[in-house]
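Remarks on the overall topology
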Amino acid sequence: MKLKRQGDAREFEVELLAQNKPDTGDPSGPRRVRIMIDGREVAATIAAMPDGSAMVELGGRRVRVAGARRGSSITVAAGPFAAEFVAVEGRAAHRTGGLAAPEVDAPMPGKVLKVLVAEGQPVEHGDPLIVLEAMKMETTLYAESPAIVAKICVAAGQMVDHGARLIELSPAAVPAKPPESPPQAG
Amino acid sequence: MKHGSISKLLVANRGEIALRIIRSARLLGLATVAVYSEADADATHVAAADEARLIGPPEASQSYLNIAAIIEAARATGADAIHPGYGFLSERPEFARAVAAAGIVFVGPPAEVMAALGDKVAARRLAAGAGVPVVPGLETVEERAAHEFAARVGFPLMVKAAAGGGGRGMRLVEAQAGLAEALAAAAREAKAAFGDGRVFLEKYLAHPRHVEVQILADQHGAVVALGERDCSIQRRHQKIIEESPAPGLDDALRARMVEAALKVARAAGYRNAGTMEFLVEGGEVYFLEANTRLQVEHPVTEMRFGCDLVAEQLRVAMGARVAEPAAPRGAAIECRIYAEDAEHNFRPATGEVHYLNLPAGPGVRVDTHLAPGARVSAFYDGLLAKLVCWGADREQVRVRMAAALGEFSLLGVTNTAAFLRDVMASEAFRDARLSTRFLEQFFPRWSPGEDALESLLAAAAMAAGGALGSARLAPPGSSWARGALSDGARTGRGRRSPWTELAGFEPWGREER
């Protein structure tokens, strides 16, 4: 699967290749896995911890890992490092409906200053949709492709968290139902 | 301030400092009252106190900054003392005045001392009058005088608001051409922000260190100093790493600085805990400003002196005398972990704690209000946790801090722990090349190294492929699926049970034992 890290322009290709059963008979014992990262194969050992995290051995490093998923978004912590990834393939699937992204989410926490569109309104690529204010700076979010505004989820003056759904879009022309399939890997 | 005992303390704050204060109050046998906004109904400080009162909606201006609501909460619960913590109302003379007028003990200096030291121009005059050097400066908005001053001390200059603080109301002037404009603009800004348009000019030091002295003064005229803290490493004029002793500081200079801090405190008639801040450059010490409250970084001093500054504050407020402190031992460092994105100019982040692992070990202390399920909102300051380490010397504490930051793990809120770990591991920090420009000089940009990125990508592949963790329920109230759970499992956000609160408390309690 192709992943994009929040705030990073690069795309990464990762895949969980194989997952061995635990070496011991204990079903919660350590498991060996092979992972493909940008064409390079890496071996790792995963030992589940009772607190929901896992101790992962990877390239000679031992690191505590925790992860959570929501829709096409994956957030992980590896030791003190943390990152949010978005599966790009999920977006590609939506592109069949002519949409770059079916929803507009808040890129940072802040306040909704203005909503510039109305539900049912057609928009073109580059049309301004919404203006946010964070850290005393205004940020305008634009349509990434022609679309119709299906739903407006916020109102001007409202405080929103990072990742909050702001606007939902539907395909502009031929109504093609966007496949509602979350990314699957492995 | 009245003498005598206190039996019930209201803590007019939230987050880690509210927990910190409640803990010391309990050690002294005081009952405790927490106050909270609608956004903090589930917060750990509410569960930790004996009683809690709702004081208003999430906006700080209507809750934690609402003087009338806080005093009403004290009246309703029978609290006979109020500790303001730091931030919020802690340095507002009108709050100290209102508390005293209500017949309640304010744990801090008297309102008039706070007012005198809170005005930067007045504080400069007071220090200079006590024979303490200040940064060469001029109180004026008059252009001609400003140009004469500039000709004498040279550019760059800093225009500051008399009523400013926390890095606000400051303007750098690089050359003659920008001076008049900067004076006018700063005055306008200061008028708008603080209702007070007075500004002053100061010589801009190129690579100063920010060093401060901890003061404790009683109601009987005794003032003692508890060593210094170097707080040079800052972003947006706000500290993120503090340490004591200030490395490489000449003993004679340190002694002069401590003497200067005591002089300012005595001249101001200071009482309770406070901090005198100085800039140090080229073997010179200049008084910068006074902080008339408990500092965020006070644990650095506690680690070296083996003391409890909050308990000392409470004792002083009850009329106790301060004693000369014992000699400090070893070295201590504090790292502040903020809900910020160090990769993107420290922009603020919010979220919910899905997973949390706190460090422990010899000489490691964690002050935090975080617990699994806790929400970090945009309403308040983004300080998540303070990691404080002690060691026999600077190198031991530096290594301990790097290891402790490596153990810290938080899923759900973007934070600065990994960045701080890299700073601790850097040559620049190891060699103590400290100045207030440390970050722009040595860390102008930062992103996770290749190893870290590989670990994160592997973790993402595992999470996506269902290879992580055992099948566990998401924490109550969480809107995220954790570990190997299916997508989009949303559970309703109900009120958590008291047992969940207690579980969240445990890592912190364990640390203290």
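Up top is the structure.
In this report, we go over the structure that sits alongside the text. (Residues numbered from 1 in each chain as written. Chains lettered and ligands numbered in written order. Predicted model: local features only at pLDDT ≥ 70, side-chain atom pairs only at ≥ 80, totals over all residues. Heavy atoms only, no water.)

This part covers the environment of Gly363(B). Residues and elements named next belong to chain B. Following the sequence through the fold, Gly363 ends up in the loop between β19 (355-357) and β20 (364-368). For Gly363, a relative accessible area of 26% translates into the label partly exposed. Ignoring sequence-local partners within four residues, the contact set of Gly363 consists of Met303, Val388, Cys389, Trp390 and Arg400. (Helix = DSSP H or I, 4+ residues; strand = E, 2+ residues; numbered from the N terminus. Buried < 20%, exposed > 50% of the residue type's maximum accessible area, 1.4 Å probe, protein only. Contact = heavy atoms within 4.5 Å.)

Turning our attention to the nonpolar core. Of all hydrophobic cores here, the largest spans 111 residues; its most connected members are Ile241(B), Phe419(B) and Met462(B). Non-local contacts of Met462(B), meaning those with residues more than four positions away in its chain, are made with Leu16(A), Val33(A), Ile35(A), Ala44(A), Ile46(A), Val56(A), Ala467(B) and Leu468(B). (Core = buried A, V, L, I, M, F, W, Y, C linked by side-chain atoms within 4.5 Å.)

Okay, the interface of chain A and chain B next. Every contact between the two is made by 59 residues of chain A and, on the other side, 55 residues of chain B. Three residues stand out in chain A for area buried against chain B, namely Arg69(A), Pro80(A) and Phe81(A), and they jointly supply 16% of the buried area on that side. Put simply, chain A and chain B have 5 salt bridges between them. Notably, a salt bridge pairs Glu454(B) with Arg40(A), separated by 3.1 Å at the nearest N-O pair. Of all elements in the fold, only β1 (2-5), β2 (11-19), β3 (31-37), β4 (40-48), β5 (54-58), β6 (61-70), β7 (73-78) and β8 (81-87) of chain A reach the threshold of two or more residues within the side of chain A that touches chain B. When residues in the side of chain A that touches chain B are grouped by element, the largest group, 9 residues, is from β6(A). (Buried area = accessible area lost by both parts, 1.4 Å probe. Salt bridge = Lys/Arg side-chain N within 4 Å of Asp/Glu carboxyl O.)

Attention now moves to the sheet that holds strand β13 (residues 272-281) of chain B. Residues and elements named next belong to chain B. As summarised here, the arrangement of the 8 strands in space is β14-β13-β10-β11-β12-β15-β22-β20, forming an open sheet in which the pairing is antiparallel. The open sheet has two edge strands, β14 (284-291) and β20, and neither has a second partner. Neighbour-to-neighbour, the strand axes of the sheet open up by a mean angle of 25°, direction not taken into account. Two strands pair when backbone bridges link them, and β13 and β14 are joined in this way by 7 bridges, in the antiparallel orientation. Its bridge partner lying in β14, Leu279 is registered against Tyr286. Against the sheet, helix α1 (residues 15-27) contacts β20 and β22 (383-391), and its axis sits at roughly 110° relative to β20. In this fold helix α13 (residues 417-424) packs onto β12 (238-244) and β15 (331-338), with an angle of close to 150° to the strand it touches most, β15. (Pairing = 2+ DSSP bridges. Axes fitted to C-alpha atoms, helices over the stretch in contact; angles between N-to-C directions.)

All names here are of chain B. Within the secondary structure, Asp341 sits in strand β16 (residues 340-341). Nearest to the buried, unbridged Asp341 among oppositely charged side chains is Arg347, at 4.0 Å. Looking at Asp341, its side chain comes within polar contact range of the main-chain nitrogen of Glu343, at 3.0 Å. Setting aside its immediate chain neighbours within four residues, Asp341 contacts Phe346, Arg347 and Thr414. (Lys, Arg positive; Asp, Glu negative; His and termini not counted. Polar contact = N/O pair within 3.5 Å; in protein donor to acceptor, adjacent residues only side chain to side chain.)

With that settled, consider the packing of helix α12 (residues 394-407) of chain B against α13(B). Residue and element names in this part refer to chain B. At their nearest, the axes of α12 and α13 sit 9 Å apart, and the two run at 155° to each other. Judged by the angle between their axes, α12 and α13 are roughly antiparallel. Every pair of crossing elements has a handedness; the one defined by α12 and α13 is left-handed. Together, Arg398, Met401, Ala402, Leu405 and Gly406 of α12 and Ala417, Leu420, Arg421 and Met424 of α13 make up the contact between the two elements. Broken down by class, the residue content of the contact of α12 with α13 amounts to 6 nonpolar, 1 polar and 2 charged. (Parallel < 35°, antiparallel > 145°, perpendicular 65-115°, else oblique. Left-handed = near helix turned anticlockwise from the far one by under 90°. Nonpolar A, V, L, I, M, F, W, Y, C, P; charged D, E, K, R; others polar.)

Right, let's get into the environment of Arg64(A). Considering the arrangement of structural elements, one finds Arg64(A) in strand β6. Considering only alpha carbons, one finds Arg64(A) and Gly110(A), 46 residues apart in sequence, at a separation of 31 Å. Sequence-distant contacts of Arg64(A), that is, excluding residues within four places in its chain, are made with Met49(A), Asp51(A), Ser53(A), Ala54(A), Met55(A), Ala77(A), Ala78(A), Gly79(A), Tyr355(B), Asn357(B) and Ser409(B). There is a polar contact of 3.5 Å between the side chain of Arg64(A) and the side chain of Asp51(A). Reaching out from Arg64(A), the side chain makes a polar contact with the side chain of Ser53(A) at a distance of 3.3 Å.

Before going further, it helps to examine the pairing of β2(A). Strand residues, when the strand is regular, have side chains that alternate between the two faces of the sheet. Residues and elements named next belong to chain A. Here 3 bridges tie β1 to β2, and the two strands are oriented antiparallel to one another. Pairing of Lys2 across the sheet is with Glu13, part of β2. Here β1 hands over to β2 after 5 residues, with Gly7 in that stretch at a positive phi of 80°.

Residues and elements named next belong to chain B. Counting across every chain of the model gives 12 aromatic pairs over all chains. On the basis of an interplanar angle of 80° and a centroid distance of 5.8 Å, the ring pair of Phe419 and Phe443 is categorised as edge-to-face. Taken together, the residues span a long stretch of sequence, with Phe419 in helix α13 and Phe443 in the loop between α15 (438-442) and α16 (450-465) at a distance of 24 residues. Per residue, the accessibility class of Phe419 equals that of Phe443, and both read buried. Above the plane of the ring of Tyr338 lies Arg235, whose end atom (NZ or CZ) is 4.6 Å from the centre. Above the ring of Phe346, the side-chain terminus of Arg235 is found at 5.9 Å from the ring centroid. (Phe/Tyr/Trp six-rings, centres within 6.5 Å; stacked < 30°, edge-to-face > 60°. Lys NZ or Arg CZ within 6 Å of the ring centre and 35° of its normal.)

Before going further, it helps to examine the sheet that holds strand β4 (residues 81-83) of chain B. Across a sheet, strands are paired by hydrogen bonds formed along the backbone, either parallel or antiparallel in direction. Residue and element names in this part refer to chain B. Ordered by their spatial adjacency, 5 strands build an open sheet running β3-β2-β1-β4-β5, and the pairing between neighbours is parallel. Taken across any chain shown, the strands that pair with only one partner, and hence form the sheet edges, are β3 (51-56) and β5 (105-106). As judged from the 3 bridges shared by strand β1 (residues 8-11) and β4, these two strands associate in the parallel manner. Residue pairing in the sheet places Leu9 in a bridge with Ala81 of β4. Contacting β1, β2 (31-37) and β4, α1 crosses the sheet at an angle of about 175° to β1.

Turning our attention to the packing of helix α5 (residues 111-118) of chain B against helix α6 (residues 120-129) of chain B. Packed helices, taken two at a time, are described by the angle their axes make and the gap between the axes. All names here are of chain B. One way to put it is that α5 packs onto α6 with a least axis distance of 5 Å and a crossing angle of 90°. Comparing the axis directions of α5 and α6 gives the class roughly perpendicular. Counting all contacts with α5, which are made through Ala116, Leu117 and Gly118, the residues of α6 involved are Lys120, Ala122, Ala123 and Leu126. Within the contact of α5 with α6, the residues separate by chemical class into 5 nonpolar, 1 polar and 1 charged.

Right, let's talk about unusual backbone geometry for a bit. With glycine set apart, most residues show a phi of negative sign, and most peptide bonds adopt trans. Residue and element names in this part refer to chain B. Of note, the bond from Phe155 into Pro156 is cis; its omega dihedral lies within 30 degrees of zero at -5°. Relative to the helices and strands, Pro156 resides in the loop between α7 (143-153) and β7 (157-165). That bond from Ser244 to Pro245 is cis: its omega, -5°, falls within 30 degrees of zero. Locating Pro245 in the fold gives a position in the loop between β12 and α9 (251-268).

Now for the pairing of β20(B). All names here are of chain B. Of all the 5 residues making up β20, 5 are buried; the element is thus mostly covered by neighbouring parts of the structure. Burial along β20 is two-sided: the residues Val364, Val366 and Thr368 and Arg365 and Asp367 are all buried. Across 5 bridges, the pairing between β20 and β22 is antiparallel. Considered in β22, the bridge of Thr368 is made with Ala385.

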